[in-house]
Amino acid sequence: MKTKKIIKLLGIFIFMISIVSCDNDDSGFSPNPQPAPGEGSLNLPPLNPQLVAEGQDIFRYDTFGNETFWTDVLQMNQVIETAVSPATALSVGLKVDAAALPQEVVTAIQNGDVDLNDPQTTLVLLQLDAVLGVKGEVSQNQDGSLSLDRVGITCALCHSTVDDSFAPGIGNRLDGWANRDLNPGLIISLSPALDQATKDIYASWGPGLYDPRFNIDGIDNPVVIPPAYGLYGLPKAIFTGDGDVEHEPAGPVAYWNRYVAVTQMRGHGYFEDTRLNLVRDYREGDDLVTDKLPALQEYQFSLNPPASPSGTFDVAAAARGKELFSGKAQCATCHSGPLFSDNTIDGRLHPQSASVAVDKDYVNRSATKQWRVTPLKGIWQHAPYFHDGSAATLADVVERYNDENSLNLSNTEKADLTEYLKSI
């Protein structure tokens, strides 16, 4: 009986060894081959519709109580009330939800009867909950003018935009899309509570860039605002893979939601990561973050990458580029699996040297000190590319990889690969 047990355990051990060694198999045969990049399924469980609905409301409208920071500390209510007209707001990348505008307001705008250079008009838009990512408490003075008593921000500020169907910057919501028009640093720099040196740093970042660690380590090194779609099935979240269930039981994206809600948005909550030697506690006898993380993550999981618009890429060239992606160009070495990221296979990360971005130092500020391979679906939508935005176009991305990895792609091959990336 004891001999049979030993033989059984030995068989299990050999089986486990064979699984571990599959990645190093030189025979070219895999008993469980990965599907072609972007194809196949991760067989994920269905999402909870009730949680998705709750999460949508949190994503769009919940400030986690951060009015105590944006109003009481930064005094942004005074800035908006006195100096931010709709024209100014649109110029710094803020977006307006056309669906929140009553028909009489729509008609007035169309007829030119609305003063888009008057901050009072901005307060009207805030009353209507029409400014994506900004929540305001507006009151009326005895003379009929409006005052912005309190203001806070939501997730939608950076991770939503609009389709410009009404006018540039005004249209239907596109939740999860990175708002690369937004200039958050410039907006923050308007606060009268900051010293000039700090204002100058914030104002220097430019549209589509934000440094989520600057107020933690004091290093000025902004990164592009990432999209919040196509995340379901990734074991680790953000560029450096800091977020995972080991460090946030609610889930990998919930880790980063907690980090941003507490340390950046300054919501009433608690964040701790011993890997970063970081603790931030902004609770004021309350916690307005933790209980909302599961629903918020569920909604983000429901946001699918947008399909590439018809007519924006050469179909024949893209077909040739697809072959290059998995072959000569070596892209599928890392951008593998249904989400074009090997992170879905085993949560793997890559060393600092693996990046072809200009800035390779950002990773040193992270908890992992490594890179997570970015999923590629919807990549056509969120230029510029790499975490530092150092590639303006997908053609620039291909050129960078060709040079860094000595791929020796011809001009025609580079063009074909670019068309494939545009089609994903």
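Here is a short report on the structure shown in this document. (Residues numbered from 1 in each chain as written. Predicted model: local features only at pLDDT ≥ 70, side-chain atom pairs only at ≥ 80, totals over all residues. Heavy atoms only, no water.)

## Considerations on unusual backbone geometry
Moving on, step 1. For the bond running from alanine 383 to proline 384, omega is 0 degrees, close enough to zero to count as cis.
Moving on, step 2. Examined against the element boundaries, proline 384 turns out to sit in the loop between α15 (343-346) and α16 (394-404).
Moving on, step 3. A positive phi angle is found at arginine 266, which is not glycine, with a value near 65 degrees.
Moving on, step 4. By secondary structure assignment, the location of arginine 266 is in the loop between α12 (252-264) and β9 (270-273).
Moving on, step 5. If you check the backbone angles, lysine 369 has positive phi at about 60 degrees while not being a glycine. (Helix = DSSP H or I, 4+ residues; strand = E, 2+ residues; numbered from the N terminus.)

## Some thoughts on the state of the cysteines
Moving on, step 1. Across all of its chains, the model carries zero disulfides by this definition.
Moving on, step 2. Left without a disulfide partner, cysteine 158 is nearest to the cysteine sulfur of cysteine 155, which lies 9.3 Å away.
Moving on, step 3. Looking at the unpaired cysteine 331, the closest cysteine sulfur is the one in cysteine 334, lying at 9.5 Å. (Disulfide = S-S within 2.5 Å.)

## Considerations on the nonpolar core
Moving on, step 1. Membership of the largest hydrophobic core comes to 77 residues, with the highest contact counts inside it found for Phe64, Trp70, Leu94 and Leu101.
Moving on, step 2. A total of seven residues in this core trace back to one element, the largest contributor, which is α12.
Moving on, step 3. Not counting the four nearest positions on each side in its chain, phenylalanine 64 is found in contact with Ile58, Cys155, Ala261, Met265, Gly267, His268, Leu288, Val289, Lys292 and Leu296.
Moving on, step 4. Counting residues in each nonpolar core, the second largest holds 21 residues, with Ala357, Leu376, Val397 and Val398 among its members. (Core = buried A, V, L, I, M, F, W, Y, C linked by side-chain atoms within 4.5 Å. Buried < 20%, exposed > 50% of the residue type's maximum accessible area, 1.4 Å probe, protein only. Contact = heavy atoms within 4.5 Å.)

## Regarding the packing of aromatic side chains
Moving on, step 1. A complete count under the given rule lists 14 aromatic pairs for this structure.
Moving on, step 2. With a centroid separation of 5.6 Å and an interplanar angle of 65 degrees, the aromatic rings of phenylalanine 59 and tyrosine 299 are classed as edge-to-face. Note that phenylalanine 59 is positioned in helix α2 (residues 49-61) and tyrosine 299 in helix α13 (residues 293-302), a separation of 240 residues in sequence.
Moving on, step 3. Cluster of aromatic residues (ring-pair linked, three or more members): Tyr202, Trp205, Tyr210 and Phe214.
Moving on, step 4. When the ring centre of tyrosine 259 is taken as origin, the NZ or CZ atom of arginine 213, which lies over that ring, is 5.8 Å away.
Moving on, step 5. Here the basic side chain of arginine 266 rests over the ring of tyrosine 282, its NZ or CZ set 3.8 Å away from the ring centre. (Phe/Tyr/Trp six-rings, centres within 6.5 Å; stacked < 30°, edge-to-face > 60°. Lys NZ or Arg CZ within 6 Å of the ring centre and 35° of its normal.)

## Details of the pairing of β9
Moving on, step 1. The alternating pattern of β9 places Phe271 and Asp273 on a buried face, while none of Tyr270 and Glu272, on the opposite face, is buried.
Moving on, step 2. Sheet topology places β9 next to strand β10 (residues 278-281); four bridges connect them, and they run antiparallel. Residue pairing for β10: glutamate 272 is matched across the bridge by valine 279.
Moving on, step 3. If you look at the hairpin formed by β9 and β10, you'll find four residues sitting between the two strands, and asparagine 277 has a positive phi there, around 50 degrees. (Pairing = 2+ DSSP bridges.)

## Observations concerning the pattern of salt bridges
Moving on, step 1. Using the criterion set out here, one finds 19 salt bridges in the structure.
Moving on, step 2. As a salt-bridge pair, arginine 275 and aspartate 273 come within 2.8 Å of each other at their nearest N and O atoms.
Moving on, step 3. Taking relative accessible area as the criterion, aspartate 273 reaches 2% and is therefore assigned buried.
Moving on, step 4. The partner of arginine 283 in a salt bridge is aspartate 281, with the nearest N and O atoms 2.9 Å apart.
Moving on, step 5. Here aspartate 281 falls in the partly exposed class, since its relative accessible area comes to 40%.
Moving on, step 6. Counted as one network, the salt bridges with shared partners bring together Asp211, Asp217 and Arg365. (Salt bridge = Lys/Arg side-chain N within 4 Å of Asp/Glu carboxyl O.)

## Some words on empty space enclosed by the protein
Moving on, step 1. In the structure shown here, the tally under the stated rule is one cavity of 30 Å³ or more.
Moving on, step 2. Roughly 50 Å³ of internal volume is contained in the largest cavity.
Moving on, step 3. In this structure, the largest cavity is lined by Pro86, Ala89, Leu90, Leu94, Lys95, Val96, Thr122, Leu125 and Val131.
Moving on, step 4. If you list the elements that add at least two residues to the lining of the largest cavity, you get α5 (86-91) and α7 (119-127).
Moving on, step 5. At three residues, α5 tops the list of elements feeding residues into the lining of the largest cavity.
Moving on, step 6. When grouped by side-chain class, the residues that make up the lining of the largest cavity number seven nonpolar, one polar and one charged. (1 Å grid on protein atoms, 1.4 Å probe; cavity = no way out; pocket = protein on both sides within 12 Å on 5 of 7 lines; lining within 4 Å. Points joined across faces, edges and corners; volume = space filled by probe spheres on them. Nonpolar A, V, L, I, M, F, W, Y, C, P; charged D, E, K, R; others polar.)

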